[in-house]
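An overview of the molecular structure
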Amino acid sequence: MKKILMIAMLLVGCLSMQAQNKQAEIRFDKITHNFGTFSEKDAVQTATFTFTNVGSAPLIINQAVASCGCTVPTFTKQPIKPGEKGEIKVKYNGAGKFPGHFKKSITIRSNGKIEMTRLYVEGNMEEAK
């Protein structure tokens, strides 16, 4: 009887440890997007960052925060199943900003193995002629 009880406890312990190991993991195709050189006349630029949930549990993006108000990220609120892809779209609006080089960061927070990832958009806005 003691052996059966011991085996049952080990089995339950192993199953609970296995369930705890299930975790989402986010992997981006790229973390930096360069818009290149563009004119003030075309001050609004957009980029799409694609990611895959390479983990074993659904991935949830909790937050996407840009380093300034000129950069606006949007993302899906739905959980991304293991093996599936998702997108984070970033819109940069340089209207009213000084021409020249810029680099903005977007901080992504998720329930993934690594909770925080930084994405970057950069480029060079030229003065309109």
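As shown above, the structure is provided for reference.
Treat the numbers as computed from the prediction; the structure is a model and nothing was measured. (Residues numbered from 1 in each chain as written. Predicted model: local features only at pLDDT ≥ 70, side-chain atom pairs only at ≥ 80, totals over all residues. Heavy atoms only, no water.)

1. A word on the side chain of Thr 52
Here Thr 52 lies in strand S3 (residues 44-53). Within polar-contact distance, the side chain of Thr 52 engages the side chain of Lys 85 at 3.1 Å. Thr 52 has contacts with Glu 25, Ile 26, Arg 27, Gly 83, Glu 84 and Lys 85, leaving out every residue within four places of it along the chain. (Helix = DSSP H or I, 4+ residues; strand = E, 2+ residues; numbered from the N terminus. Polar contact = N/O pair within 3.5 Å; in protein donor to acceptor, adjacent residues only side chain to side chain. Contact = heavy atoms within 4.5 Å.)

2. A look at the nonpolar core
Phe 28, Phe 51, Ile 88 and Ile 108 are the most contacted members of the largest nonpolar core, which totals 24 residues. At the level of secondary structure, the elements contributing two or more residues to this core comprise strand S1 (26-28), strand S2 (32-39), S3, strand S4 (61-66), strand S6 (85-93), strand S7 (100-110) and strand S8 (116-126). Beyond its immediate stretch of four places on either side in the chain, Phe 51 contacts Ile 26, Arg 27, Phe 28, Leu 59, Ile 61, Ile 80, Glu 84, Lys 85, Gly 86, Glu 87 and Ile 88. (Core = buried A, V, L, I, M, F, W, Y, C linked by side-chain atoms within 4.5 Å. Buried < 20%, exposed > 50% of the residue type's maximum accessible area, 1.4 Å probe, protein only.)

3. Some thoughts on the packing of aromatic side chains
Using the criterion set out here, one finds 7 aromatic pairs in the structure. Measuring from centroid to centroid gives 6.4 Å for Phe 35 and Phe 38, while their planes differ by 85°, and the two rings are edge-to-face. Assigned by exposure class, Phe 35 and Phe 38 land together as buried. Ring geometry for Phe 38 against Tyr 92: centres 6.5 Å apart, planes inclined by 75°, an arrangement best described as edge-to-face. Of this pair, Phe 38 sits in strand S2 while Tyr 92 sits in strand S6, placing them 54 residues apart in sequence. The pair formed by Phe 38 and Tyr 92 is uniform in burial state, with each residue classed as buried. Three or more aromatic residues joined by ring pairs form one cluster here, namely Phe 35, Phe 38, Tyr 92 and Phe 102. Over the face of the ring belonging to Phe 75 we find Lys 77, whose NZ or CZ atom lies 4.1 Å from the ring centre. Positioned above the aromatic ring of Tyr 120 is the side chain of Lys 103, whose terminal nitrogen or guanidinium carbon lies 5.0 Å from the ring centre. (Phe/Tyr/Trp six-rings, centres within 6.5 Å; stacked < 30°, edge-to-face > 60°. Lys NZ or Arg CZ within 6 Å of the ring centre and 35° of its normal.)

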